[in-house]
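Chains, contacts and geometry: an overview
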Amino acid sequence: MVFAPSSVTAKVADGVEVQVNEETSYPFDETVKLTVNFPDKKVKGAYFPIKFRIPPWGAAPVVTATDAVVDQTMTPGCMVALRRTWKKGDVVTIELPMQVTCSRWYDEAVAVERGPLLYALKMEENWERKEMEPELHVRYGQYYYEVTSPTKWNWCFTRQTLKDAGNAFTFERKEMDQTKLPWNLENNPLVLKVKAKELLNWEAARGSAGPIPYFTQQGKDVGAEAEI
């Protein structure tokens with residue numbers, strides 16, 4: 001159901017023990033590799049299904065089994081079952097092409113997605129430790145961290161960018177270190193880049209992004225285009 005580096009040993013086909021190893025850097029990479037092995041060297045093969053889920057966004061998956069492209073219906077959001085006699089060393093490769101898309105939300109907001117990941121604006125983070133009042137220690141602990149940023153956040157996309165998101169966005173990939181947590185700025189293996197404009201009159205309100213301003217047509221509403 002969920003792709004991740006893993007290995008499972010289970011009994012199939014009336015008691016035959018099989019081991020399936022999964023190799024992948026998903027969700028940062030598009031490829032999932034499953035390798036079939038049999039712990040008992042006397043076993044040459046066994047008939048059983050290998051099942052996996054095609055993600056809802058996976059509109060054009062390409063699956064190969066023992067170097068041959070699998071020709072069967074694969075509906076996004078549904079399970080696929082490959083039923084056959086598997087032999088030791090057989091490999092199933094699942095390719096899930098990821099495209100950049102922009103979904104539209106309340107008040108003209110836009111979310112940038114690629115495959116299963118939702119992307120956020122890269123911002124500088126300033127962490128400052130704050131002491132909690134003594135009477136609140138039992139409930140909240142002795143301290144907390146306040147996170148602020150001097151980075152600009154009030155960006156907007158042009159309609160052309162949203163119309164052609166697949167070409168407007170570029171991404172940089174770096175080699176992934178499987179021993180390190182990827183969910184931070186230092187180790188994240190993928191970065192999206194795009195041109196955007198600063199919405200000059202969009203300001204913070206009570207520590208959060210305030211209401212999106214109307215275009216006044218009485219001055220400059222947006223700044224020069226820049227890469228974010």
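Residues numbered from 1 in each chain as written. Predicted model: local features only at pLDDT ≥ 70, side-chain atom pairs only at ≥ 80, totals over all residues. Heavy atoms only, no water.

Turning our eyes to something else, we now look at the overall build of the protein chain. The secondary structure content of the protein chain amounts to three helices and 20 strands. What you see for the protein chain is a C-alpha radius of gyration of 24 Å, clearly larger than the 17 Å of a compact globule of 228 residues, by over 25%. With respect to the three principal axes, the spread of C-alpha positions in the protein chain is 80 × 55 × 30 Å. Per-residue burial over the protein chain gives 29% buried out of 228 residues. Of the roughly 15,800 Å² of accessible surface on the protein chain, 51% is carried by carbon and sulfur atoms. Both charge centroids of the protein chain, one from 28 positive and one from 31 negative side chains, sit 6 Å from each other. (Helix = DSSP H or I, 4+ residues; strand = E, 2+ residues; numbered from the N terminus. Rg over C-alpha atoms; globule rule 2.2 N^0.38 Å. Buried < 20%, exposed > 50% of the residue type's maximum accessible area, 1.4 Å probe, protein only. Areas by Shrake-Rupley, 256 points an atom, 1.4 Å probe, with all protein chains shown as cover. Lys, Arg positive; Asp, Glu negative; His and termini not counted. Charge placed at Lys NZ, Arg CZ, Asp CG, Glu CD.)

All right, on to the layout of surface pockets then. By volume, the second largest pocket amounts to about 410 Å³. Along its surface, the second largest pocket is lined by 20 residues, and Val-8, Val-20, Leu-34, Ile-50 and Lys-51 are the ones closest to its centre. For the lining of the second largest pocket, the elements supplying multiple residues, two or more each, are strand E1 (6-12), strand E2 (16-24) and strand E4 (45-53). If one sorts the elements of the lining of the second largest pocket by residue count, E4 sits on top with six residues. (1 Å grid on protein atoms, 1.4 Å probe; cavity = no way out; pocket = protein on both sides within 12 Å on 5 of 7 lines; lining within 4 Å. Points joined across faces, edges and corners; volume = space filled by probe spheres on them.)

Turning next to the sheet that holds E1. The six strands are arranged E1-E2-E3-E8-E5-E6 in an open sheet whose pairing can be described as antiparallel. Strands with a single pairing partner mark the edges of an open sheet, and in this sheet they are E1 and strand E6 (68-69). (Pairing = 2+ DSSP bridges.)

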